[in-house]
Structures are given as structure tokens and as C-alpha cells.
Amino acid sequence: MMILFNDQIIPKDQVTISFEDRGYTFGDGVYEVFRLYRGIPFCREAHMHRLKRSLMETRIQLPYPMEKLEHYLDQLITTAPQQDGLLYLQISRGSAPRSHAFPPAAVPVVLAYCQPLPRPVQAMRSGISAITQPDLRWLRCDIKSLNLLPNVMAKQNALDHGADDAILVRNGTVTECTAANIMAIRNSIIYTHPANHLILHGITRNVVLKLAKEINREVREEAFSSKFLARADEVFITGTTTEITPVTTIDQKPVGNGRPGPITRQLQAAFEVEAGLE
Ligand code: PDD
């Protein structure tokens with residue numbers, strides 16, 4: 001496996017990250033996950049745009065111009081086999097003796113790699129189970145930060161309870177899942193949490209909202225409660241790795257008739273066309 005490490009593309013075993021890297025000590029950094037379909041990044045510009053925003057909000061400065069990063073990513077992608085996979089990219093604030101304040105001399109550390117990842121065909125076809133859990137995260141979930149401890153804990157808790165994922169609920173309102181956004185359908189209207197500071201502004205979420213409008217489905221970017229969710233006709237999650245995956249069981253109760261619903265199916269089909277996957 002080849003790794004983009006700052007301005008070099010080198011084999012994995014040659015990467016040396018300092019124990020003082022702030023990504024390691026503080027989770028002080030941001031990341032992106034791009035989907036590669038047959039080796040080509042999907043919605044690349046949208047991911048780069050979100051990355052720039054995460055960097056700006058955290059006041060982390062790339063050690064070189066963004067165009068250079070784009071060029072290195074192009075090179076990295078050519079080292080990976082042309083298959084379905086992902087490109088993981090993270091930028092930490094750099095390495096410095098441990099102290100909370102931004103270290104003036106630290107140079108941000110860039111790391112990226114590609115990895116094969118098949119499309120989640122089985123989950124997309126049959127649906128997944130989820131449990132609701134309190135959303136214990138901070139109030140800037142719109143920043144794609146390396147701090148994922150609440151997400152990790154919620155995911156493991158779901159698995160420990162025999163479910164596939166956790167649906168996060170803050171003050172009675174459904175926000176999103178551990179690594180995906182969530183949408184609920186009632187009376188043919190699609191509801192999803194507004195893109196504010198309480199959720200990640202998912203790229204797949206945006207694609208799905210666009211597709212929903214194209215197939216003349218009404219969409220409401222409105223917060224909804226866990227009670228509303230429990231009475232939804234259809235529920236699905238959206239994400240770079242999950243695409244559009246139906247949720248067929250929530251807290252051990254079936255969603256609708258317990259099978260992926262017709263609007264979810266329609267959106268899945270539209271997504272395949274959009275991503276050139278037919
Ligand atoms: N996660 N919400 C959260 C909390 C996420 O971590 C993600 C993505 C999403 C979906 O966003 P997008 O459609 O842009 O992938 C929503 C990535 C895949 C991850 O952490 O692995």
C-alpha cells in the first residue's frame with residue numbers, strides 16, 4: 001500500500017508519525033473519506049470543498065497550496081488498482097511538545113491512502129438494524145474532525161446490542177448515525193435534519209436531496225423526533241461508504257413493513273445512475 005505522507009508517496013512501512021503529533025495526542029486534525037468507483041473519486045470537488053471548510057474552521061493551514069494536494073491525490077490514486085474503494089485523507093495540526101495552545105512552529109501533517117472497499121451490496125439490498133442512542137458529541141459536528149470517540153463508542157454499543165448501527169438522538173431530536181446521515185419518510189415526504197452545527201453536512205446527503213427533487217419527491221430539511229422516527233414508513237442512511245442503505249429495524253421494531261420501502265428503492269436506483277454504477 002502506498003501512502004501520501006506530506007509531499008511524498010511512499011510505502012506504508014516507511015511512514016513515521018511522531019508520538020507528539022497532535023492528531024495522536026488531541027485528535028487535533030480533520031479528515032475526508034472519498035468514494036472511489038472503479039478507481040475514480042465520486043463527488044471529488046464537494047469533498048475538497050468540505051475539507052477546505054474544516055481546515056478553515058479549525059485554523060489548520062495546509063503545508064502547501066491546495067492545488068498541490070490535488071496533484072498528490074491524483075498521483076496516489078494511480079498507485080491503487082482501478083476498483084471500488086475509498087481514499088482516506090487526514091491533516092493534523094502537526095507535531096509539537098504537548099500543550100493545548102496552537103504550536104506556532106508546528107507544520108501540519110498530511111496523510112492519505114487508498115484502500116479497496118466493495119459496495120455494501122447486501123446491506124443496501126436487505127437493510128440494516130439500528131438502535132437509538134443519545135448523541136454525546138460536541139456542538140460542531142459540521143467539522144469533519146478526527147475526534148470520533150462518541151461515534152466509535154456509539155457504534156460499538158450498537159454492535160454489542162446486536163444492531164448494525166446507532167441512530168443518534170439529541171434532546172429528543174434525531175441527528176444522524178455514527179458515520180452516515182439519516183432520512184425518514186412519512187406519507188411520501190422525506191425528512192432529514194437541517195445541515196447545521198449538529199450534523200456533518202454529508203456529501204451523499206446532498207446528492208440524495210438533489211435526486212429526490214429530480215424524481216419529484218418532497219423533501220423537508222427539518223428536525224424530527226425519535227417518536228416520529230418510530231412511526232416512519234421508510235428510513236435510510238446516506239454516506240460515502242454506506243451509499244443509500246435502508247434501515248429496516250429500529251430498537252427491535254420493524255420500520256414500516258420491515259422491508260426496504262419503494263421510495264428508498266427509487267432513490268437507490270437514481271443514485272446508481274448518478275454515480276455511473278448501472
Ligand atoms: N463518514 N455523518 C457522519 C458523522 C459521518 O462520519 C459521515 C461520513 C457522514 C456522511 O457523509 P458523506 O456522505 O459525506 O460521507 C455523516 C465517513 C464515511 C467516515 O467517517 O468513515
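I keep staring at the layout of surface pockets and nothing clicks. Help me out?
Gaps left between atoms are located by rolling a probe of water-molecule size over the structure's atoms. The space that makes up the largest pocket amounts to roughly 1,100 Å³. Y31, K144, T178, A179 and A180 are the residues nearest the centre of the largest pocket, which is lined by 46 residues in total. Residue assignment for the lining of the largest pocket shows that the elements contributing at least two residues are β3 (29–37), α2 (44–58), β5 (85–92), β6 (109–116), α5 (149–160), β9 (173–177), α6 (203–214) and β13 (234–239). Residues of the lining of the largest pocket, tallied by class, amount to 23 nonpolar, 15 polar and 8 charged. When residues of the lining of the largest pocket are assigned to domains, at least three map to each of domain 1 (2–116) and domain 2 (121–274). The space that makes up the second largest pocket amounts to roughly 250 Å³. For the second largest pocket, the lining is made up of 15 residues, of which D28, T58, R93, F102 and N147 are closest to its centre. The set of elements that each furnish at least two residues to the lining of the second largest pocket consists of α1 (22–26) and α2. Looking at the lining of the second largest pocket, its residues break down into 4 nonpolar, 6 polar and 5 charged. Split by domain, the lining of the second largest pocket shows at least three residues from each of two domains, domain 1 (2–116) and domain 2 (121–274).

Is there a simple way to explain the state of the cysteines in this structure?
Disulfide: a covalent bond connecting the sulfur atoms of a pair of cysteines. In this structure the tally under the stated criterion is 0 disulfides. Take C43: it sits in no disulfide, and the sulfur closest to it among the cysteines is that of C114, at 17 Å. Classification of C43 as partly exposed rests on a relative accessible area of 25%. Relative accessible area serves as the criterion here: at 11%, C114 is assigned to the buried category.

What is the right way to look at the domain arrangement of the protein chain in this model?
Accessible area lost when the parts come together is the quantity often used to give the size of an interface. Considered domain by domain, the protein chain is made up of domain 1 (2–116) and domain 2 (121–274). Each of domain 1 and domain 2 has a C-alpha centre, and the two are 27 Å apart. Taken together, the contact between domain 1 and domain 2 spans 23 residues of the former and 18 residues of the latter. Overall, the association of domain 1 and domain 2 removes approximately 1,700 Å² of surface from exposure, summing both partners, and the carbon and sulfur fraction of that is 60%. Taken as a group, Y31, F42 and R50 account for 34% of the area that domain 1 buries against domain 2, more than any other trio of residues on that side. At the surface where domain 1 touches domain 2, the tally comes to 2 salt bridges. The residue D142 makes a salt bridge to R53 at a minimum N-O spacing of 2.9 Å. Seen at the junction of domain 1 and domain 2, the total is 9 residue pairs in polar contact (both at pLDDT 80 or more). Of all the secondary structure elements, the ones that give two or more residues to the side of domain 1 that touches domain 2 are α1, β3, α2 and β5. In terms of residue count, the dominant contributor to the side of domain 1 that touches domain 2 is β3 (8 residues).

Would you take a moment to explain the site of the ligand for this structure?
The ligand sits among 20 residues. The nearest are Y31, E176, I203, T204 and T240. Here Y31 contributes a side-chain N or O atom positioned 2.6 Å from an oxygen atom of the ligand. Note that an oxygen atom of the ligand is positioned 2.8 Å from one of the backbone N or O atoms of I203. Contact with the protein chains removes 91% of the 480 Å² of surface that the ligand exposes when unbound. Spatially, the ligand is embedded in the largest pocket. Those elements that provide at least two residues to the shell around the ligand are β3, β9, α6 and β13. Residues of the shell around the ligand, tallied by class, amount to 7 nonpolar, 9 polar and 4 charged. Each of domain 1 (2–116) and domain 2 (121–274) accounts for three or more of the residues forming the shell around the ligand.

Thresholds applied
Residues numbered from 1 in each chain as written. Predicted model: local features only at pLDDT ≥ 70, side-chain atom pairs only at ≥ 80, totals over all residues. Heavy atoms only, no water. 1 Å grid on protein atoms, 1.4 Å probe; cavity = no way out; pocket = protein on both sides within 12 Å on 5 of 7 lines; lining within 4 Å. Points joined across faces, edges and corners; volume = space filled by probe spheres on them. Helix = DSSP H or I, 4+ residues; strand = E, 2+ residues; numbered from the N terminus. Nonpolar A, V, L, I, M, F, W, Y, C, P; charged D, E, K, R; others polar. Domains from an automatic or database assignment. Disulfide = S-S within 2.5 Å. Buried < 20%, exposed > 50% of the residue type's maximum accessible area, 1.4 Å probe, protein only. Contact = heavy atoms within 4.5 Å. Buried area = accessible area lost by both parts, 1.4 Å probe. Salt bridge = Lys/Arg side-chain N within 4 Å of Asp/Glu carboxyl O. Polar contact = N/O pair within 3.5 Å; in protein donor to acceptor, adjacent residues only side chain to side chain. Near = heavy atom within 4 Å. Areas by Shrake-Rupley, 256 points an atom, 1.4 Å probe, with all protein chains shown as cover. Sits in = over half its atoms within 2 Å of the grid points.

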